[in-house]
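Given next are the chains, with one letter for each unit.
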Amino acid sequence: MNTIDWKSLPFGYVKTDYNVRSYFKNGQWSPLEVSSDENLNIHMASTCLHYGQEAFEGMKAFRGKDGKIRLFRPDENGKRLELSAKGVMMQPVPIDLFVEACKKVIKLNERFVPPYGEGASLYLRPMLIGVGPQVGVKASAEYMFVVFATPVGPYFKEGFKPIKVQIVRDFDRAAPLGTGLFKVGGNYASSLVAIDRGHKEGFSSVLFLDAKEKKYIDEAGPANFFGIKNNTYVTPDSHTILRSITNMSLRDLAADMGMKVETRQVPVEELGTFEEAGACGTAAVISPIGSITDRETGKVYEYCKDGKAGKVCTQFYERLRGIQEGEIDDKFGWNVVV
Ligand code: PLP
Ligand code: COI
């Protein structure tokens with residue numbers, strides 16, 4: 001059996017028992033195959049290796065106090081993978097196949113779903129790659145869809161504690177009319193150097209600005225940004241931002257809690273007006289932001305001056321986790337019981 005210390009699990013790769021795969025060839029998707037091999041055998045001229053025909057997803061399954069396993073909004077991840085696929089000219093995975101693969105990989109790896117109350121979950125990584133050989137810049141005719149699972153703990157080592165974030169102006173994550181809204185590997189490649197430098201300078205994450213004018217907040221590394229003021233939930237809107245399913249859910253929760261919700265451009269100066277700020281995402285969950293430092297100007301915006309998460313971030317965290325772990329009524333119908 002497992003000898004995993006669930007409480008100290010980082011957000012990293014742990015080998016599990018099985019992954020599932022489907023292949024698109026001759027115009028159709030194959031039935032799901034189960035594999036215990038961690039490696040993929042692909043052609044060296046595969047388009048995913050040369051021309052970035054690659055997209056992925058990230059989702060979590062939770063074990064509740066009642067012992068049931070719940071997967072959070074897989075249909076939304078399925079829709080987003082379809083959007084990403086079309087964005088880089090790949091064959092989309094049918095949503096039914098996507099959801100079936102996710103459920104299957106959880107069932108097959110059930111012993112890796114962390115027990116309730118350990119602050120850990122089973123992370124799913126669905127991925128779609130072009131595997132047909134091409135040398136010219138062209139889309140592949142063949143694709144591979146794989147879902148693997150790995151148990152994870154918190155993305156930021158702080159857990160649910162305020163993080164320090166740095167505004168970077170000398171890097172862009174995505175071009176104004178580029179691929180920022182798709183979950184494709186290239187966006188992450190272009191963020192690596194800035195994030196690594198941010199870590200070395202003592203920050204948990206970086207805040208990218210819009211690439212065109214450098215005036216508006218874009219994304220908080222691998223998470224969306226939100227700010228709270230005057231009973232209002234404010235989150236940036238732009239073509240380059242990944243449509244976070246956590247953010248989408250928080251907007252519903254905020255409205256349900258009687259808050260106003262604004263999805264619009266957020267100028268950098270507005271950071272000084274927020275009572276609370278946070279980063280949200282599947283991996284990041286809700287990470288309260290303690291401070292934001294503008295690397296170029298040296299200006300620091302501070303939140304959580306007492307070192308603790310703010311009231312609204314805490315309510316969001318508790319409600320979201322409560323729903324995901326089956327302790328709060330899932331009135332929006334977000335969970336899929338596996
Ligand atoms: N933004 C980026 C760049 C991400 O990689 C992620 C993670 O998926 C998010 C935002 C959050 O999206 P979601 O809440 O759907 O996980
Ligand atoms: C997620 O939140 O699922 C992500 O994909 C973010 C990051 C680990 C890439």
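Caption draft 1: Representation of the packing of aromatic side chains within the structure. Per the counting criterion, the structure on display carries 14 aromatic pairs. A ring pair is formed by Y13 and F148, whose centres lie 5.8 Å apart and whose planes are at 80°; its orientation type is edge-to-face. With a gap of 135 residues between them, Y13 in the segment before β1 (19–25) and F148 in strand β8 (residues 143–152) connect regions that are remote in the sequence. Residue F148 is classed as partly exposed on the basis of its relative accessible area of 26%.

Caption draft 2: Region of the structure containing helix α6 (residues 245–256). With 12 residues, α6 extends 17 Å from end C-alpha to end C-alpha; this agrees with the ideal 16 Å at 1.5 Å per step. Listed as buried for α6 are I245, T246, N247, S249, L250, L253 and A254. Where α6 begins, one side-chain oxygen reaches toward the backbone nitrogen of T246, 3.2 Å away; that side chain belongs to S244. G258 lies just past α6 and shows a positive phi near 85°.

Caption draft 3: View of the nonpolar core. Residues I106, L124, L128 and F145 are the most contacted members of the largest nonpolar core, which totals 33 residues. Those elements giving two or more residues to this core turn out to be β1, β5 (59–63), β6 (69–72), α2 (74–87), α3 (95–108), β7 (121–130) and β8. Examining the composition of this core, we find that seven residues originate from one element, α3, more than from any other. Residue-level mapping places this core at the junction of two domains, with at least three residues from each of domain 1 (6–152) and domain 2 (163–324). Not counting residues within four places of it along the chain, the set of residues in contact with L128 comprises W29, Q53, E54, A55, L81, A85, M90, Q91, V93, Y143, M144 and F145.

Caption draft 4: A look at the domain arrangement of the protein chain. Its domain assignment divides the protein chain into domain 1 (6–152) and domain 2 (163–324). Centre-to-centre separation of domain 1 and domain 2, based on C-alpha positions: 25 Å. Of the roughly 1,800 Å² buried at the junction of domain 1 and domain 2 (both faces included), carbon and sulfur atoms supply 65%. By the criterion of area lost to domain 2, the three top residues of domain 1 are F56, F72 and R80, representing 32% of everything that side buries. Counting the contacts that link domain 1 with domain 2 gives zero salt bridges. Between domain 1 and domain 2 we count six residue pairs in polar contact (both at pLDDT 80 or more) in total. If you list the elements that add at least two residues to the side of domain 1 that touches domain 2, you get β4 (54–56), β5, β6 and α2.

Cut-off values and rules
- Residues numbered from 1 in each chain as written.
- Chains lettered and ligands numbered in written order.
- Predicted model: local features only at pLDDT ≥ 70, side-chain atom pairs only at ≥ 80, totals over all residues.
- Heavy atoms only, no water.
- Phe/Tyr/Trp six-rings, centres within 6.5 Å; stacked < 30°, edge-to-face > 60°.
- Helix = DSSP H or I, 4+ residues; strand = E, 2+ residues; numbered from the N terminus.
- Buried < 20%, exposed > 50% of the residue type's maximum accessible area, 1.4 Å probe, protein only.
- Expected span 1.5 Å × (residues − 1).
- Polar contact = N/O pair within 3.5 Å; in protein donor to acceptor, adjacent residues only side chain to side chain.
- Core = buried A, V, L, I, M, F, W, Y, C linked by side-chain atoms within 4.5 Å.
- Domains from an automatic or database assignment.
- Contact = heavy atoms within 4.5 Å.
- Buried area = accessible area lost by both parts, 1.4 Å probe.
- Salt bridge = Lys/Arg side-chain N within 4 Å of Asp/Glu carboxyl O.

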